[in-house]
Amino acid sequence: MKSKLNSIYLRLHTFFGPQYWWPAEDTFEVMVGAILTQNTSWSNVEKAISNLKDKKALSPIRLFKMPVEELARLIRPAGYYNIKARRLKNFLKFLFASYQGNIRKMSLGGIRELRAQLLSVNGIGPETADSIMLYALNKPVFVVDAYTKRILLRHGLAKEDYDYAQLQDIFMRGLTPKVKLFNEYHALLVKLGKEFCHKNKPRCLICPLRRKKNA
DNA sequence: GACCAGGCACATC
DNA sequence: GATGTGCATGGT
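Worth saying up front: this structure is predicted, and the values here are computed from it rather than measured.

**Q** Please clarify how the overall build of chain A should be interpreted in this entry.
**A** When you go through chain A residue by residue, the secondary structure sums to twelve helices and zero strands. Along its sequence from the N terminus, chain A presents helices and strands in the succession α-α-α-α-α-α-α-α-α-α-α-α. Taking 17 Å as the expected radius of gyration for a compact globule of 215 residues, we find that chain A reaches 18 Å, a close match to that expectation. Here the C-alpha coordinates of chain A stretch approximately 60 × 35 × 30 Å along the principal axes. Burial analysis of chain A (215 residues in total) assigns 28% to the buried set.

Following this line, the structure appears as structure tokens:
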């Protein structure tokens, strides 16, 4: 398993080159983006982030103080804007309650503790929590997303019924836990998915092969 | 116009 | 505990 994971990584890295994720200017922007991108294309998230920047609102204290209705209006292009505005507010309440809004203070925490805290916030699930852990807080936690699962299935490394934790374990057990490696690996899987996945259509090179009924 | 995107919570059985 | 559903915009 280990050598297979490593060889996939090397081939992706050779083909696409380093991705240098997360696409954001600072740590807080990563956190906001992680929530906004839930089941949403990144191009839509960029518009929402851009709105927040135009309003000079992209800081913990600004978003913490902003009325939820105004926040929802600004992030509208990201879709699910009402629920995401509440989710951002939930996260900010946690950030101020536990760390006085200080992200650096937050980043001093241990992996297990931080992950549990993030998961306790309503609106932050495993992928969002792990994206924040890895890309904002620089903790060696592997991020699993829809593309990751498709690619593992296609290569026979996972089964259809595997849940998030099982998929994550494949990487956490099979790779040396380095932040830079986990960072690039997940980014490369997403890059591969974006470029070559065609949603179960016959020409798709990513989705698991489907057995033909009469073959 | 249908289908999808870097999920998650909640209702219902 | 599994399965279904709401949330919503913008691109293909």
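More follows now that the structure is in view.
**Q** Help me out: how do you make sense of the nonpolar core in this one?
**A** Most often, soluble globular proteins have nonpolar side chains that are buried together. Counting 49 residues, the largest nonpolar core has V32, L36, A48, I75, L88, I132 and M133 as the members making the most contacts within it. Broken down by element, this core gets its largest block of residues, seven residues, from helix α12 (residues 179-196). When residues no more than four places from it in sequence are discounted, the contact partners of L36 are V45, A48, I75, A78 and K84.

**Q** Mind showing me how you'd approach the confidence of the model for chain A here?
**A** Caution applies to low-pLDDT parts of the model: their predicted coordinates are not meant to be read in detail. Averaged over every residue, the pLDDT of chain A is 93; residues scoring 70 or more account for 93%. Between residues 211-215, whose pLDDT stays under 50, and residues either more than four places distant or in other chains, the model counts zero contacts.

**Q** It is not clear to me how the protein's contact with DNA strand C should be interpreted in this structure. Could you clarify?
**A** As a matter of local geometry, DNA strand C sits amid 13 residues, with P77, G79, Y80, N82 and I83 nearest to it. Among the elements of the structure, α3 (42-54) and α6 (81-99) are those that each provide at least two residues to the surface near DNA strand C.

**Q** Quick question: what am I supposed to make of the packing of helix α2 (residues 27-36) against helix α9 (residues 126-136) here?
**A** Pairs of packed helices are described in terms of their axes, by the angle between the two and the distance that separates them. Packing of α2 against α9 brings their axes to within 9 Å, and their N-to-C directions diverge by 160°. It follows from the interaxial angle that α2 and α9 lie roughly antiparallel. At the point where α2 passes α9, the crossing takes the right-handed sense. In this structure, α2 contributes T27, V30, M31, A34 and I35 to the contact, and α9 contributes T128, S131, I132, Y135 and A136.

**Q** Just checking my understanding: could you explain α9 for this structure?
**A** Residues separated by three or four positions in an α-helix point in the same direction, a consequence of the helix having 3.6 residues per turn. In terms of burial, α9 is a largely internal element, nine of the eleven residues being buried. Within the span of α9, buried status applies to T128, A129, D130, S131, I132, M133, L134, Y135 and A136. Tucked into the core, α9 has its buried residues touching α2, α8 (111-119) and α12. The positive-phi residue at the C-terminal boundary of α9 is N138, with phi of around 60°.

**Q** I tried to follow unusual backbone geometry on my own but got confused; where do I start?
**A** Residue W22 is bonded to the preceding W21 through a cis peptide linkage, with omega at 0°. Assignment of secondary structure puts W22 in the loop between α1 (2-16) and α2. We note that Y20 has phi near 55°; this positive angle belongs to a residue other than glycine. When you line up the elements, Y20 lands in the loop between α1 and α2. With 9 C-beta atoms counted inside 10 Å, the residue Y20 sits in the exposed group. For N138, which is not glycine, the phi torsion reads 60° and is therefore positive. Mapped onto the elements, N138 comes out in the loop between α9 and α10 (146-154).

**Q** What exactly am I supposed to notice about the protein's contact with DNA strand B here?
**A** Around DNA strand B sit 24 residues in total, of which Q38, N39, G125, E127 and T128 are the nearest. Taken together, the elements giving at least two residues each to the surface near DNA strand B come down to α9, α10 and α12. With four residues, α9 is the largest single contributor of residues to the surface near DNA strand B. A per-class count over the surface near DNA strand B returns nine nonpolar, eleven polar and four charged.

What counts as what
- Residues numbered from 1 in each chain as written.
- Chains lettered and ligands numbered in written order.
- Predicted model: local features only at pLDDT ≥ 70, side-chain atom pairs only at ≥ 80, totals over all residues.
- Helix = DSSP H or I, 4+ residues; strand = E, 2+ residues; numbered from the N terminus.
- Rg over C-alpha atoms; globule rule 2.2 N^0.38 Å.
- Buried ≥ 20, exposed ≤ 12 C-beta atoms within 10 Å, placed from the backbone.
- Core = buried A, V, L, I, M, F, W, Y, C linked by C-beta atoms within 7 Å.
- Contact = placed C-beta atoms within 7 Å.
- pLDDT = per-residue confidence, 0-100.
- Near = placed C-beta within 6 Å.
- Axes fitted to C-alpha atoms, helices over the stretch in contact; angles between N-to-C directions.
- Parallel < 35°, antiparallel > 145°, perpendicular 65-115°, else oblique.
- Left-handed = near helix turned anticlockwise from the far one by under 90°.
- Nonpolar A, V, L, I, M, F, W, Y, C, P; charged D, E, K, R; others polar.

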